[in-house]
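As a plain string of letters, each chain reads:
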Amino acid sequence: MSDTRCRRCLLRELEAGAQLYESVRAYRAELPAAERTEDGEYARRLALCLDCRHLKNATCVQCGCFVELRAAKSAVRCPMGRW
Ligand code: SF4
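Residues numbered from 1 in each chain as written. Predicted model: local features only at pLDDT ≥ 70, side-chain atom pairs only at ≥ 80, totals over all residues. Heavy atoms only, no water.

A. Seen up close, the overall build of the protein chain. Per the secondary structure count, the protein chain includes three helices and two strands. Seen in sequence order, the protein chain has helices and strands lined up from the N terminus as α-α-β-β-α. With the C-alpha coordinates of the protein chain rotated into their principal frame, the extents come out at 50 × 30 × 20 Å. Counting only residues that meet the buried cut, the protein chain has 30% of its 83 residues in that class. (Helix = DSSP H or I, 4+ residues; strand = E, 2+ residues; numbered from the N terminus. Buried < 20%, exposed > 50% of the residue type's maximum accessible area, 1.4 Å probe, protein only.)

The structure is reproduced here in structure tokens:
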């Protein structure tokens, strides 16, 4: 039997992640503008995560964070230097 689990998705794409995704969205929306990653940069970061072998089920296995959460703060960086 093949493994059909999504290993390289974001919370927004995981049915089981819907509630967490809403929490992450709310967290990002409430960040002060000076701390929040701007929309275009946020999308760029997530695109890089989607193309990264360290992304498993919305989580970066290098840092243990949900990537949509980690990418939300502009001062926070990818642990592997990709963004
Ligand atoms: S935060 Fe960096 S290492 Fe982790 S999944 Fe995203 S690009 Fe890959």
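B. Examining the nonpolar core more closely. In this structure, Leu-10, Leu-11, Tyr-42, Leu-46, Val-67, Ala-71 and Trp-83 are the most contacted members of the largest nonpolar core, which totals 18 residues. When contributions to this core are tallied by element, the ones reaching two or more residues are helix H1 (18–30) and helix H2 (39–50). If you tally residues by element for this core, the top one is H2, at three residues. Beyond its immediate stretch of four places on either side in the chain, Leu-10 contacts Leu-46, Leu-50, Leu-55, Ala-58, Val-67 and Glu-68. (Core = buried A, V, L, I, M, F, W, Y, C linked by side-chain atoms within 4.5 Å. Contact = heavy atoms within 4.5 Å.)

C. Representation of unusual backbone geometry. Backbone geometry places Asn-57, a non-glycine residue, at a positive phi of 50 degrees. Take Asn-57: it is sitting in the loop between strand S1 (55–56) and strand S2 (59–60).

D. Geometry of the pattern of salt bridges. Applying the stated criterion to the full structure yields five salt bridges. Notably, a salt bridge pairs Lys-73 with Glu-35, separated by 3.7 Å at the nearest N-O pair. With Lys-73 in the segment after helix H3 (67–70) and Glu-35 in the loop between H1 and H2, this pair connects stretches of sequence that are 38 residues apart. Taking relative accessible area as the criterion, Glu-35 reaches 35% and is therefore assigned partly exposed. Arg-44 serves as the salt-bridge partner of Glu-41, at 2.8 Å between the closest nitrogen and oxygen. (Salt bridge = Lys/Arg side-chain N within 4 Å of Asp/Glu carboxyl O.)

E. Broad picture of H2. If you check H2, its first and last C-alpha atoms are 16 Å apart, about what twelve residues at 1.5 Å a residue would give, namely 16 Å. Listing the buried residues of H2 in full gives Tyr-42, Arg-45, Leu-46 and Cys-49. Down the axis, H2 shows its buried residues gathered within 95 degrees of arc, on one side only. On the buried face of H2, the contacting elements are H1, S1 and H3. The N-cap of H2, judged by a side-chain oxygen 2.7 Å from the amide nitrogen of Gly-40 a few residues on, is Glu-38. (Expected span 1.5 Å × (residues − 1). Arc of directions from axis to C-beta. Polar contact = N/O pair within 3.5 Å; in protein donor to acceptor, adjacent residues only side chain to side chain.)

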